[in-house]
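Examining the three-dimensional arrangement
So you can see what is in the structure, the chains are spelled out below.
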Amino acid sequence: MLTFFVGFIYLKNRENLYAYYALFLAFMLIYSLTSIKADTWINTLLDGQLRGNKRLIEPITILSFSCYTFFTIELMEVRSQSKWIYHSLKTWGICCITYAILYFLLYPWISSYEPYIFAVVRVIIFSLSTWLIIGVVREIESPVKNEFVAGTLAYYIGSVVATIRFLTTDLPIPLFYELNAPSYFEMGILVETTFFALALGKRMLYLNNEKQKAKEELIGQMVTNDMLMKQMNRQLELKIKAREREILAKQEELMRQEKKILQVEFEKKHVQSEMRSRSMQMNPHFIFNCLNSIKYLIQSDQNKKATTYLVIFSRFIREILDTSQSHVISLKTELDIIGKYLQLEQNRFSDDFSFGINYKDPIALHAVFVPPLLLQPFVENAIWHGLLPSKKTKKMLYINVRATASQVKIIIEDNGIGRKKSMEILKNRIHKSQGIALTEERIKLFNHYYNNALEFEIIDKIAGNGAPAGTRVEVTLKNTYKTDIPVETSVSVPL
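A brief structural summary. (Residues numbered from 1 in each chain as written. Predicted model: local features only at pLDDT ≥ 70, side-chain atom pairs only at ≥ 80, totals over all residues. Heavy atoms only, no water.)

1. A look at empty space enclosed by the protein
Tallied over the entire structure, the rule returns five cavities of 30 Å³ or more. Considering the residues around the largest cavity, the lining is formed by L75, M76, E77, Q81, E141, S142, P143, V144, R203, Y206 and L207. Of the residues forming the lining of the largest cavity, the biggest block, three residues, is contributed by helix α8 (residues 181-249). A per-class count over the lining of the largest cavity returns six nonpolar, two polar and three charged. (1 Å grid on protein atoms, 1.4 Å probe; cavity = no way out; pocket = protein on both sides within 12 Å on 5 of 7 lines; lining within 4 Å. Points joined across faces, edges and corners; volume = space filled by probe spheres on them. Helix = DSSP H or I, 4+ residues; strand = E, 2+ residues; numbered from the N terminus. Nonpolar A, V, L, I, M, F, W, Y, C, P; charged D, E, K, R; others polar.)

See below:
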């Protein structure tokens, strides 16, 4: 009944855990039928094919043990906690299956050596099983650990006692020989199935509680987000009302200065056109480099890599085109674009470097605006002129965003060869990068429009022994063009 019940659970949720346990119970059921009494209806139904079938007893016992081993892996979630225990148990289970099949096939030739084979195999099984069980108990954590240990001990003790009963006939304990070996083994299995039934029930309860907890946390997060949105809406309403009062108060003055306002608007549109023009100059510069990368991969017969790179590149170009008509985009969008660019470069250079983009409050970053692709030239310089020429085993690039009530600072930091060494390498090159020069022009236009809100500084990092330790670029956006950023939301990742 337990076999069919566990099998039914498997058909419902398709978890391997229940499949392995159902197979274990099924093999134990077959094992029990090999020692059933002759004068029973079950034995008559089976035409006596299982009762006393020595060719089947050993393979069935070992196959049940292999299913038990795979069941242990799933029940205790061994794979996610210990690789060596997982691989040991998996290999052990496969070895048991192999032995069972060989035993069944070769039985006519090895039947005369059955007691010796039985004894040797049991020594190996008990020794390795003891070692693996100790490893599971010591290194694996699980809410059903106690039930597993109790059931395993019962299974283990029943096996050991049954083995002793099978191999010996002269122990000074007459009562011990009142039962046959299968009876002792089946008693161990009975206790084991009781504890494992408790373990499965406890596991179901634990998983249900975890799902309920996750659901409550999700609801709590949704409530928190709703409260945050309401708070932002209230702040926005207050600002709108304040703005309305200000407009009404200055309406007469604005009418008097109408001509001056028209002139200022004309100048703003002119500056915006200039900023878009500079941005369009940046796009071909970057696209040219990417196409050269694809060309290189194709020419070097890295077609699969070139295809992957081209797919990522096409999606990236879509984002570039979506923002190309905007003279400013949010800092959050800019960081997302730079993240895809870094992914492209990392894919191109076979993960030769690692990177990270760190910030705490994405909602706040949506209120901060910068020119499109502002950070790309700095990141490109860090990769091409700082990290790629470096011989370090760990090449790292980090972008950290630090926000306070007065400013937002974007830090681009690498552990490459530094600017001095990079300039020495670039002396012999005819082509000079125009990325930083274009960026400086764009920043000037941006500052003209937004009252000197943006500035950057390039710092050479020096190690304790005076050697170059990389480059650090600090891009600072002052509070003249950002709103509602929480104080101290900075993230810093040391290199």
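2. Examining the sheet that holds strand β6 (residues 454-462)
The strand order β2-β4-β5-β7-β6 describes an open sheet built from five strands, whose pairing is mixed. Each of the sheet's edge strands pairs with one partner strand only, and the pair in question is β2 (354-358) and β6. Taken pair by pair, the neighbouring strands of this sheet meet at an average axis angle of 15°, ignoring direction. Across five bridges, β2 lies against strand β4 (residues 396-403) in parallel orientation. Looking at the pairing, I357 lines up with I399 of β4. Contacts from helix α12 (residues 331-348) reach β2, β4 and β5 (407-414), with the element oriented near 170° to β2. Where helix α14 (residues 376-387) meets the sheet, its contacts fall on β4, β5, β6 and β7 (468-478), and the angle it forms with β4 comes to roughly 150°. (Pairing = 2+ DSSP bridges. Axes fitted to C-alpha atoms, helices over the stretch in contact; angles between N-to-C directions. Contact = heavy atoms within 4.5 Å.)

3. Considerations on the pairing of β4
Two faces make up the sheet, and in a regular strand the side chains alternate between them. Within β4, seven of the eight residues are buried, which leaves the element mostly enclosed by the surrounding structure. The pairing of β4 with β5 spans seven bridges and is classified as antiparallel. Paired with I399 across the two strands is I412, which belongs to β5. A loop of three residues connects β4 with β5, the two strands running antiparallel in sequence. (Buried < 20%, exposed > 50% of the residue type's maximum accessible area, 1.4 Å probe, protein only.)

4. A word on the side chain of T69
Residue placement: T69 occurs in helix α4 (residues 54-75). Residues in contact with T69, not counting those within four places in the same chain, are L89, W92 and G93.

5. Topic: unusual backbone geometry
Positive phi values are uncommon outside glycine, yet E77 reaches one of about 50°. Residue position: E77 is located in the loop between α4 and α5 (83-110). Take E77: its relative accessible area is 43%, and that puts it in the partly exposed class. Positive phi, close to 60°, is recorded for L373, a residue that is not glycine. Here L373 is to be found in the loop between β3 (369-370) and α14. Given the relative accessible area of 3%, L373 is considered buried.

6. Quick word on the pattern of salt bridges
In this structure the tally under the stated criterion is 13 salt bridges. Of the charged contacts, one joins D352 and K395 as a salt bridge, the two residues approaching to 2.9 Å between their closest N and O atoms. One end of the pair, D352, is in the loop between α12 and β2; the other, K395, is in the loop between α14 and β4, and 43 residues separate them in sequence. Using a relative accessible area of 32% as the deciding quantity, one classes D352 as partly exposed. Across the pair K409 and E474 runs a salt bridge whose closest N-O atoms are separated by 3.4 Å. With a gap of 65 residues between them, K409 in strand β5 and E474 in strand β7 connect regions that are remote in the sequence. K409 gets classed as partly exposed once you look at its relative accessible area, which sits at 21%. Overlapping salt bridges, with partners in common, bring together K409, E413, K461, R472 and E474 in one network. (Salt bridge = Lys/Arg side-chain N within 4 Å of Asp/Glu carboxyl O.)

7. Details of the packing of aromatic side chains
All told, the structure shown has 10 aromatic pairs when counted by the stated rule. Judged by centre distance (4.6 Å) and plane angle (25°), the rings of Y21 and F71 are stacked. One end of the pair, Y21, is in helix α2 (residues 16-34); the other, F71, is in helix α4, and 50 residues separate them in sequence. Under the relative-accessibility criterion, Y21 is labelled buried at 1%. Taking relative accessible area as the criterion, F71 reaches 1% and is therefore assigned buried. (Phe/Tyr/Trp six-rings, centres within 6.5 Å; stacked < 30°, edge-to-face > 60°.)

8. Some remarks on the nonpolar core
With 49 residues, the main nonpolar core has Y21, F24, L75 and V78 as its most contacted residues. Put simply, the parts of the chain that give this core at least two residues each are α1 (2-13), α2, α4, α5, α6 (114-139), α7 (145-167) and α8. Examining the composition of this core, we find that 11 residues originate from one element, α4, more than from any other. I337, L342, I436 and I443 belong to the second largest nonpolar core, which has 47 residues in total. (Core = buried A, V, L, I, M, F, W, Y, C linked by side-chain atoms within 4.5 Å.)

9. With respect to the state of the cysteines
Overall, the coordinates contain zero disulfides when judged by the stated rule. Of all cysteine sulfurs in the structure, the one in C96 sits closest to C95, which takes part in no disulfide; the separation is 7.0 Å. (Disulfide = S-S within 2.5 Å.)

10. Things to note about the packing of α5 against α6
When two helices pack together, their arrangement is given by the angle between their axes and by how far apart the axes lie. Remark: α5 packs on α6, axes separated minimally by 11 Å, with the N-to-C direction vectors making an angle of 165°. It follows that α5 is roughly antiparallel to α6 by the angle criterion. Of the two elements, α5 crosses α6, and the hand of that crossing is left-handed. Together, W84, I85, S88, L89, W92, Y99, Y103, Y107 and I110 of α5 and E114, I117, V121, I124, I125, L128, S129, W131, L132, G135, V136 and E139 of α6 make up the contact between the two elements. In terms of residue class, the contact of α5 with α6 is built from 16 nonpolar, three polar and two charged. (Parallel < 35°, antiparallel > 145°, perpendicular 65-115°, else oblique. Left-handed = near helix turned anticlockwise from the far one by under 90°.)

11. Topic: the environment of G356
Along the chain, G356 falls in strand β2. By relative accessible area, which is 12% here, G356 ends up buried. Taking C-alpha positions, G356 is 4.8 Å from Y398, a pair spaced 42 residues apart along the chain. Discounting chain neighbours no more than four positions away, the residues touching G356 are L397, Y398 and I399.

12. Regarding α14
α14 sits mainly inside the fold: 10 of its 12 residues count as buried. Along α14, the positions that sit buried rather than exposed are Q376, P377, F378, V379, E380, A382, I383, H385, G386 and L387.

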